[in-house]
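# Notes for the structure review
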Amino acid sequence: MLILTLKIYLFRTIRSNNHQINNIDIFGIVNKGGNSWNTVHGKTKSSDVFKTITDLLNVKLEENIGMKDGKFHHWYKQVEGTAPNGTKFYRIDNKNVE
């Protein structure tokens, strides 16, 4: 059985409770903008959430290491085309996606 969790944040400023739940297989956070406090909860109740889940199950990450601003840096990038519905993830399995 596959167990996953998905958090959809509608405002970039909301950054609380971003911890992965224990005993799940996949964890993803999506930032979506253009909403108001009046629509923040209703936005996740549409069938579009299933497209986001499909993307979470298919998305691939590319691991990068190099120098940024003269310092060693390690980051992850979402591989273009691996999320069939175009979802851009902020975090996958506690890996920040830049």
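Everything that follows concerns the structure shown earlier in this document.
Residues numbered from 1 in each chain as written. Predicted model: local features only at pLDDT ≥ 70, side-chain atom pairs only at ≥ 80, totals over all residues. Heavy atoms only, no water.

## Digging into the pairing of strand β4 (residues 71-78)
Each regular strand shows side chains that alternate between the opposite faces of the sheet. The sheet contact formed by strand β3 (residues 61-68) and β4 spans eight bridges and is antiparallel. Note on β4: the bridge partner recorded for G66 is H73. (Pairing = 2+ DSSP bridges. Helix = DSSP H or I, 4+ residues; strand = E, 2+ residues; numbered from the N terminus.)

## A word on the environment of N96
Relative to the elements of secondary structure, N96 occurs in strand β6 (residues 95-96). For the pair N96 and I29, spaced 67 residues apart in sequence, the C-alpha separation works out to 9.4 Å. N96 has contacts with Y76, Y90 and R91, leaving out every residue within four places of it along the chain. Within the structure, the side chain of N96 is placed 2.8 Å from the side chain of R91, a separation counted as a polar contact. (Contact = heavy atoms within 4.5 Å. Polar contact = N/O pair within 3.5 Å; in protein donor to acceptor, adjacent residues only side chain to side chain.)

## Examining the environment of N64
Mapped onto the secondary structure, N64 falls in strand β3. If sequence neighbours within four positions are ignored, N64 has contacts with H73, H74, W75, Y76 and K77. A polar contact of 3.3 Å, which involves the side chain of N64, links it to the backbone oxygen of E62.

## Topic: the environment of R91
Secondary-structure assignment places R91 in strand β5 (residues 89-92). Taking relative accessible area as the criterion, R91 reaches 14% and is therefore assigned buried. (Buried < 20%, exposed > 50% of the residue type's maximum accessible area, 1.4 Å probe, protein only.)

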